[in-house]
Structures are given as C-alpha cells and as structure tokens.
Amino acid sequence: MTVGIDGIEVWTGKLRLDLAETFAPAQGENPGKYTKGLGLYASSFPDTYEDIVTMGANAAHRLMDRKGLEPEDIGRIDVATESAFDNSKPVSTYVGGCLEQVYDGDFHHANKGERKFACISGTQSLDDAYNWIQAGRNRGRAGLVIATDTALYARDDPGEATQGAGAVAMLISEDPDLVELSAEQGYGSADETDFLKPQQQFPSVDGKRSVQVYLARMREAIEDYESVVGKIHPDDYVLGPFHTPFPGMVRKAAALAYRHFSRDTEIEVSLAEEIGRQPRREAFDSDEAFREAAAEYTDALTDTDTYQEWYEDVIEPTLKISREVGNWYTGSVHVARVAGMKHALENGQNLTGERMLVGSYGSGAQAEFHAETIQAGWAEEVGAMNVDEQLADRHELSFEKYERVHDAHNHDVESDVDRFTAPEAEFVFDGWGRMGERKYTYVE
Ligand code: CAA
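No experiment lies behind these values; they were computed from the predicted model shown.

Draft legend 1. Up close: the overall build of the protein. In terms of helices and strands, the protein carries 15 helices and 15 strands. Relative to its length of 444 residues, the protein is compact, with a C-alpha radius of gyration of 22 Å against a globular reference of 22 Å. In terms of principal-axis extent, the alpha carbons of the protein reach across some 70 × 55 × 40 Å. Residues classed as buried in the protein amount to 58% of the 444 residues present. In the protein, the share of contacts with a sequence separation of at least 24, taken over all contacts with a separation of at least 6, comes to 79%. Summing over all exposed atoms, the protein offers an accessible surface of approximately 18,700 Å²; the carbon and sulfur share of this is 44%. Positive and negative side-chain charges in the protein, numbering 42 and 81 respectively, have mean positions lying 3 Å apart.

Draft legend 2. Just the side chain of S43, in detail. Here S43 shows up in strand β3 (residues 42–45). Residue S43 is classed as buried on the basis of its relative accessible area of 1%. There is a polar contact of 3.3 Å between the side chain of S43 and the backbone oxygen of Q163. Beyond its immediate stretch of four places on either side in the chain, S43 contacts L15, R16, L17, L19, Q163, E324, V325, G326 and R394.

Draft legend 3. Seen up close, the pattern of salt bridges. As enumerated under the stated definition, the model contains 30 salt bridges in all. Between E403 and R155 there is a salt bridge; the shortest N-O distance is 3.5 Å. Linking E403 in helix α15 (residues 399–408) with R155 in the loop between β6 (142–151) and β7 (164–174), this pair joins segments that are 248 residues apart in sequence. Close ionic contact of R281 with D287 constitutes a salt bridge, the shortest N to O distance being 2.7 Å.

Draft legend 4. Structural detail: the environment of R281. Along the chain, R281 falls in the loop between α8 (266–275) and α9 (287–302). Placed 175 residues apart in sequence, R281 and D106 show a C-alpha to C-alpha distance of 60 Å. Ignoring any residue separated from it by four or fewer positions in sequence, one finds R281 in contact with S286, D287 and F290. A distance of 2.7 Å separates the side chain of R281 from the backbone oxygen of F284, its partner in a polar contact.

Draft legend 5. Structural context of the packing of helix α6 (residues 207–229) against helix α7 (residues 247–262). Following both chains from N to C, one finds α6 and α7 inclined at 35 degrees, their axes separated by 10 Å at the closest point. Considering the relative orientation of α6 and α7, their crossing is right-handed. Contacts between α6 and α7 involve V211, Y214, L215, R219, I222, E223 and E226 from the first element and M249, V250, K252, A253, L256, R259, H260 and F261 from the second. When grouped by side-chain class, the residues that make up the contact of α6 with α7 number 9 nonpolar, 1 polar and 5 charged.

Draft legend 6. The arrangement of the pairing of strand β5 (residues 111–115) in detail. Where strand β4 (residues 74–80) lies against β5, 5 bridges are found, and the strand directions are parallel. Considered in β5, the bridge of R76 is made with N111. Running through helix α4 (residues 91–102), the crossover from β4 to the neighbouring parallel element β5 is right-handed.

Draft legend 7. Here's a closer look at a negative patch on the surface. Residues D65, E70, E72, D104 and D106 make up a contiguous surface patch of negative charge. Following the sequence through the fold, E70 ends up in the loop between α3 (52–66) and β4.

Draft legend 8. Up close: unusual backbone geometry. The residue after G364, namely A365, is reached through a cis peptide bond having omega 5 degrees. Residue position: A365 is located in the loop between β11 (355–362) and β12 (366–374). Within the chain, D175 stands out as a residue other than glycine whose phi angle is a positive 45 degrees. Position of D175 relative to the elements: it lies in the loop between β7 and β8 (179–189). Residue classification places D175 among the exposed positions, given a relative accessible area of 58%. At Q199, a residue that is not glycine, the phi angle is positive and equals roughly 50 degrees.

What counts and what doesn't
Residues numbered from 1 in each chain as written. Predicted model: local features only at pLDDT ≥ 70, side-chain atom pairs only at ≥ 80, totals over all residues. Heavy atoms only, no water. Helix = DSSP H or I, 4+ residues; strand = E, 2+ residues; numbered from the N terminus. Rg over C-alpha atoms; globule rule 2.2 N^0.38 Å. Buried < 20%, exposed > 50% of the residue type's maximum accessible area, 1.4 Å probe, protein only. Contact = heavy atoms within 4.5 Å. Areas by Shrake-Rupley, 256 points an atom, 1.4 Å probe, with all protein chains shown as cover. Lys, Arg positive; Asp, Glu negative; His and termini not counted. Charge placed at Lys NZ, Arg CZ, Asp CG, Glu CD. Polar contact = N/O pair within 3.5 Å; in protein donor to acceptor, adjacent residues only side chain to side chain. Salt bridge = Lys/Arg side-chain N within 4 Å of Asp/Glu carboxyl O. Axes fitted to C-alpha atoms, helices over the stretch in contact; angles between N-to-C directions. Left-handed = near helix turned anticlockwise from the far one by under 90°. Nonpolar A, V, L, I, M, F, W, Y, C, P; charged D, E, K, R; others polar. Pairing = 2+ DSSP bridges. Right-handed = clockwise from strand over helix to strand, strands pointing away. Patch = residues over 30% accessible without salt bridge, like charges linked within 9 Å, V, L, I, M, F, W, Y side chains within 5 Å.

Spatial relationships are all this shows, so hold off on functional conclusions.
Following this line, the structure appears as structure tokens:
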C-alpha cells in the first residue's frame, strides 16, 4: 500500500518585518548578519486576530476545500506545535471546532491529539497518521496533520533574528497525490538542554550550543538511516528539505552531509587533485587534530564547483520560502519541502518518481531522516498553492509597529493593539470565553 502526503497548504502570518531594512538598523546591527550570515530577509508575524489556531484552521480549510473533502472524510486531526496555550485541551479540538463552523458535517468520530517534541513533532505527527493508515485503522479516511507555531523569542534574545509565524496543513492518505513516505527511518536522539520552554512562553536558548546539537543529532540520524537503507550517494536524492530554523543552519548541515555522502565515492576521488582526500581518523593522534583537518577539508569542499552545483540543485531551492518568513518551528521542514517542489515546478523540472531526503529536527533533542518518493500528481498539487500571493500580501511593519505586535502576542503584557489588516474569508480569534477558553469566528 502506498501511504503519504496527498496535499499541502500553508498559511503565513499576515505581517512582515524586513530584517535588513527595518530590524537590523534598529538593533544597531549590520544587515549582512541577516541576509548573508543567517540567510534571512524577512519574518512573518501574526496579526492581532491570528494565532496558532486560526493559522492552522485556515490552512486546513483551504486544503479541505481544494481536495473537495467533508469532515466525514477525515479520521484524525493531529496538531503539532510548541506554542500551545493549554496544558490539557489540545489545539486540534479548537481547529475541529473552527472547521465545523464552515462545513455541514462534524469531526465527532475523528481522533484528535496534540504532539510535542519541539520542531520535530510535525514529522512525528506524519508518522502517527502513516502508522494509523498502515495498520488498517483508518476506515478509508484520511488524516489531517497541522504544524502551527508562533515562533517568537523574548525581545533582544539573539533568537529574535530568526522569528516567524505560520502553519502547514497536510493530508495523509492512501494513494497520495504528492509524495509517498518511506517506511525506512533513521533517528538521532539524546537528552539535551539547548532550547526549552519550562512553563514559559518564550524559549530559554543556548543558541551556539543549539547549532552544535542540531548538527550532532542530524549526523546520528543519518548514520542510523544508512544502517537501514545502505550508504547514501549525493546523487540519490533530487531535493534535501531539512529543518530550517534559518537557512545558514542548513548551509552548515549540508556541507557535513555532502562530506559524509561523498566519502569513498568517485566524487572524493575526482576532487582529490583539487583538495586532497578526506581526512580519516586513524591517520591522526587525537580527536582534536582530526576534527581540525576535517573542518579544513569541509571548507575546501564547499568551495568546489562540484559541491556548489549539488547545493544549488538539492538544497538552495528548499530555503527560498524560509528566507522570506523565518522559523515556523514544527512547520519549518514542511515549508522546505514545499519550497523545493515549487522551485522545481517553476523551472520545468519533472519530479515524478524522484526521491527527496527529508531531515527533521527538534531541540531537546531529536533528528529524523526518511525518504519521500514524488508522485504523479505533484505538479498539480504544488501548482494549486498560493504561496507567492500570501507572501506578497503581507502588511509591512515599521520597527515601532513590530514592537507593538510583539507586545500584543506576549502573554505577560497588557496591550491594546488594533489589527493591521482586514480579515476576509478566514477564521479569526474573537476573545475569551467564561472558562478562559479562546473563541474563534469565521469572517466572510
Ligand atoms: N556579514 C556576513 N555574515 C555575518 C555578518 C555580516 N556582516 N555578521 C555576522 N555574520 C554571520 C556570522 O559569522 C554567523 O555565521 P557563522 O555561524 O557561519 O559564523 C551568522 O552571521 C550569525 O551571526 P552570530 O553568530 O553573530 O549571531 P548571533 O550570535 O546573534 O546568533 C544564533 C545566532 C545563535 C543562531 C541565534 O540567532 C539564535 O539563538 N537562534 C535561535 C536558536 C536556533 O535557531 N538554533 C538553531 C539550531 S536549534 C533548532 O533548529 C530548533 C529551532 O528551530 C529553534
């Protein structure tokens, strides 16, 4: 049985902050840190009537409408988020409630839940839906997976540079139109304290360490994946969507991945004249000396035409949306998948039957790799999305407006900020109920 993603929709927060033009000068920083170092041009923010529920429900609504689905076609709703506002009632119940306002049927027989493991929980929710279908428990119905986050940091935290907000809705089904998920997976998982939110809204982050932990767990996961599928060659995968907290992170990960994949291949041999062979641990007296030589080799490798061509084809396309929206935490790797396929469509590439290597990551920390085989309906699916329109329609924030928006979404600050955009044909946050629940309405 073929099981995978049948369709995807994204929903960006409606506000845009330009990092080089607006944020960097206000912070007294060089714009190059953002555009060249982190690889980010802008961040998406939610307007005052938007939150993880509205963004998730709006993405799901678009997806269900486009696929011609009714609530009875959906057997489960899994929401992945690290921005939840309730320790008991899951976001998926709110999303189901929203969708029931616009459909005749209901989701009373759908299994709903919420997944938490930092940014990797979106991919874990895909696993849950995949396993549910493979186990034959779905009664012919599809699973709705929604990854939704407001990735905000405390003001003046270094992470403020990488903020973002948006949702990705994915439909998981038999005979999918977009991609088949591989049964094979690899994991790299360890108890780490690099990024966490112990009963607090904004994360405590050890930024530099989080970068090292990302690379270490990704490496562990690749090795685990190769122990299942055999050695990977750089040409095996047409695209490599990785979790993208900021594109500069993926630039570091891609260099290490390519070094690993090209070791003991004809690529290493053909590059030997230019940059030498890869250092091997047994040739060094200490780990430190080996690490230094490996880092030097990696720098030289990334300067070669061979590497740069691979990077331009396989990695760069996956970063194009992230550069414009920042980090969407649980949705980030799924945005990278969309970006890569969208770029291929716009460039007349035929991806049918090709494979992608998808690398997910969540702080705390865990990485996962699996493959996805692109299905015949991919071009129609990706062509039906309106990503460019959504990005272009965002309201541009001045720094002063940004400060007010950050306050409006800060649970510890009393603020009364007017909305910046007018909602149309979408779910909006509509105030609080008598038990402290959040309330939502559909605006025509
Ligand atoms: N021109 C070109 N490049 C410049 C530059 C300029 N004028 N100024 C700085 N740079 C480069 C720096 O050299 C650096 O690149 P390298 O790492 O390749 O050297 C890059 O821009 C960033 O500069 P800094 O390291 O000085 O930036 P920083 O100290 O302010 O913080 C950060 C960077 C630690 C990533 C911070 O943004 C942060 O804490 N982010 C949140 C945590 C995070 O995203 N971690 C990623 C892994 S964890 C994860 O993936 C989970 C998740 O989603 C959060």
